[in-house]
Amino acid sequence: METLQCIAERRSIRRFTDAEVSNEQLKQLMEAARLAPSWANTQCWEFIVVRDPAIKEKLAATMPEGNPARKAAINAPVLLVACGRLEKSGFYKGQPATSKGDNWYLYDVGLATQNISLAAHALGLGSVILGLFDADRAGEILDLPEKVKVVTMMPIGVPAKTGKMPPRKPLCEFVFKDRYEKAWVSGDEKNLCFVEE
Ligand SMILES: Cc1cc2nc3c(=O)[nH]c(=O)nc-3n(C[C@H](O)[C@H](O)[C@H](O)COP(=O)(O)O)c2cc1C
C-alpha cells in the first residue's frame, strides 16, 4: 500500500470481528515498531502481547467506563501494551540532556505505535491507541519492573466496522510562517492559498 494512502485511510478501530490475529501478522507489526526512529537509537520501547481473556479484562478495568474503547480492549483478539523503559530516551551519559527530562520515552513509544497502527492498516488489521486508563495499575497487573512504564494500550484485530475520519483542523490553524501567529496559508482544504509577503 502506498504510504500517503495508508496515512490518509488509517482510522481508529474500536469494533472487531472474531477473526484471529496470527503471530506472523504480529511479528510484522513488531518489525514496524522496531524500525521506528528513536533518541540516539536507544529504542526504549517494550511490548506485551496480551491474548489471555482474564488479563484483558483486568486491563480493561483500569479504563473509566466512559472510555469508548473499553469494550474493544476485551473483544479484540490482541491487546498490545506499549511500554517505555525510563532513563534511556533523552539521556546522555546517564543524565537528561534536555529540559524535557525523562519525557522523551513517551515520544519514542509514540513513534513506534504510530508505525504499528499504519502497518496494521496496511495488513488489513485495525487498531486504536488508548491513553485514558490507570497506567500504574496496568503496570502492576503486568508485573512491570520499576523502570518500565505503560504508555499506551492497543486493541488489534480485523475491523468489523470502519468509521469516518473525525474532522481535522485546517492547516491555517496550526502552521505558521517564520514566527508564531504569522499565517502560512489561508482558506480551507478546498481553497488553500499560500500567504504572500
Ligand atoms: C495518545 C492517544 C490516546 C488516545 N486514547 C484513546 C482512548 O483512551 N480511547 C479511545 O477510544 N481513543 C483514544 N485515542 C484515539 C483518538 O480518539 C483518535 O485517534 C482520534 O479521535 C482521531 O481519530 P482517527 O484515529 O480515526 O483518525 C487516542 C489516541 C491517541 C493518539
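Up top you'll find the structure we're talking about.
So, here's what we can say about the structure. Numbers given for residues are sequential positions, taken from 1 along each chain in its written order. Only residues with pLDDT of at least 70 get local features here, since the model is predicted, and only at 80 or more are side-chain atom pairs given and counted; chain-wide, interface and lining totals rely on the full set of residues. No hydrogens and no water enter the side-chain calculation; it runs on all heavy atoms of the structure.

1. With respect to the pattern of salt bridges
Each salt bridge in this description consists of a side-chain nitrogen of Lys or Arg and a carboxyl oxygen of Asp or Glu lying within 4 Å of one another. Taken as a whole and judged by the stated rule, the model has seven salt bridges. With its nearest N and O atoms 2.9 Å apart, the salt bridge here joins Glu 31 to Arg 34. Highlighted residues: Glu 31 and Arg 34, both in helix 2 (residues 23-34), separated by three residues, approximately one helical turn. The rule is simple: take the accessible area with a 1.4 Å probe, protein chains only, and divide by the maximum for that residue type; under 20% is buried, over 50% is exposed, in between is partly exposed. Owing to a relative accessible area of 32%, Glu 31 belongs among the partly exposed residues under this scheme. Its salt-bridge partner being Arg 137, residue Glu 140 comes within 2.9 Å of it at the nearest N-O pair. With Glu 140 and Arg 137 both in helix 6 (residues 135-141), this residue pair falls three residues apart, about one helical turn. Note on Glu 140: relative accessible area 53%, which makes it exposed. Overall, the relative accessible area of 38% leaves Arg 137 in the partly exposed class. Per the convention used, a helix needs a DSSP run of H or I reaching at least four residues, while a strand needs a run of E reaching at least two, with both numbered from the N terminus.

2. A closer look at the packing of aromatic side chains
To pair, rings of Phe, Tyr and Trp, with the six-membered ring standing in for Trp, must have centres within 6.5 Å; the planes then decide the type, stacked if under 30 degrees apart, edge-to-face if over 60, and tilted in the middle. Tallying each qualifying case throughout the model produces four aromatic pairs. Judged by centre distance (5.5 Å) and plane angle (70°), the ring pair of Trp 104 and Tyr 107 falls under edge-to-face. One end of the pair, Trp 104, and the other, Tyr 107, are both in helix 5 (residues 104-122), three residues apart, so they sit about a helical turn from each other. Measuring from ring centre to ring centre gives 4.4 Å for Phe 176 and Tyr 180, while their planes differ by 55°; the resulting arrangement is tilted.

3. A word on the site of the ligand
If a single non-hydrogen atom of a residue is within 4 Å of a molecule or strand, that residue counts as near it. Around the ligand lies a shell of 14 residues, among which Arg 11, Ser 12, Arg 14, Asn 67 and Arg 168 are the nearest. Distance and chemistry together define a polar contact, namely a pair of N or O atoms within 3.5 Å, with one atom able to donate a hydrogen and the other to accept it when in protein, and with adjacent residues in sequence counting only for side-chain atoms on both sides. Measuring from a nitrogen atom of the ligand, one finds a side-chain N or O atom of Asn 67 at 2.7 Å. Per-residue accessibility takes into account occlusion by the displayed protein chains alone, with areas from the Shrake-Rupley method and a 1.4 Å probe. In the complex, 65% of the free accessible area of the ligand, which totals 620 Å², lies under the protein chains. Gly is put with the polar residues, along with every residue not named as nonpolar or charged; the nonpolar set is Ala, Val, Leu, Ile, Met, Phe, Trp, Tyr, Cys and Pro, and the charged set is Asp, Glu, Lys and Arg. Across the shell around the ligand, the residue classes break down as seven nonpolar, three polar and four charged.

4. Things to note about the side chain of Thr 62
Its place among the elements puts Thr 62 in the loop between helix 3 (53-60) and helix 4 (70-75). Thr 62 gets classed as buried once you look at its relative accessible area, which sits at 8%. At 2.6 Å, the side chain of Thr 62 and the backbone oxygen of Leu 59 are in polar contact. Any two residues having at least one pair of non-hydrogen atoms within 4.5 Å are treated as being in contact. When residues no more than four places from it in sequence are discounted, the contact partners of Thr 62 are Phe 133, Asp 134, Arg 137, Ala 138, Ile 141 and Met 153.

5. Focus on the environment of Ala 36
Mapped onto the fold, Ala 36 is located in the loop between helix 2 and strand 1 (45-50). Residue classification places Ala 36 among the buried positions, given a relative accessible area of 5%. Along the backbone, Ala 36 and Thr 113 are 77 residues apart, and their C-alpha atoms lie at a distance of 8.8 Å. Ala 36 has contacts with Trp 45, Leu 111, Ala 112 and Asn 115, leaving out every residue within four places of it along the chain.

6. Describing the layout of surface pockets
Cavity means a closed set of points on a 1 Å grid over the protein atoms alone, one where a 1.4 Å probe fits but cannot get out, pocket means an open set with protein on both sides within 12 Å along at least 5 of 7 lines, and lining means a residue has an atom within 4 Å of a point. Grid points are joined across faces, edges and corners, and a volume is the space filled by probe spheres set on the points. The calculated volume of the largest pocket comes to roughly 240 Å³. Residue composition of the lining of the largest pocket, by class: two nonpolar, two polar and seven charged.

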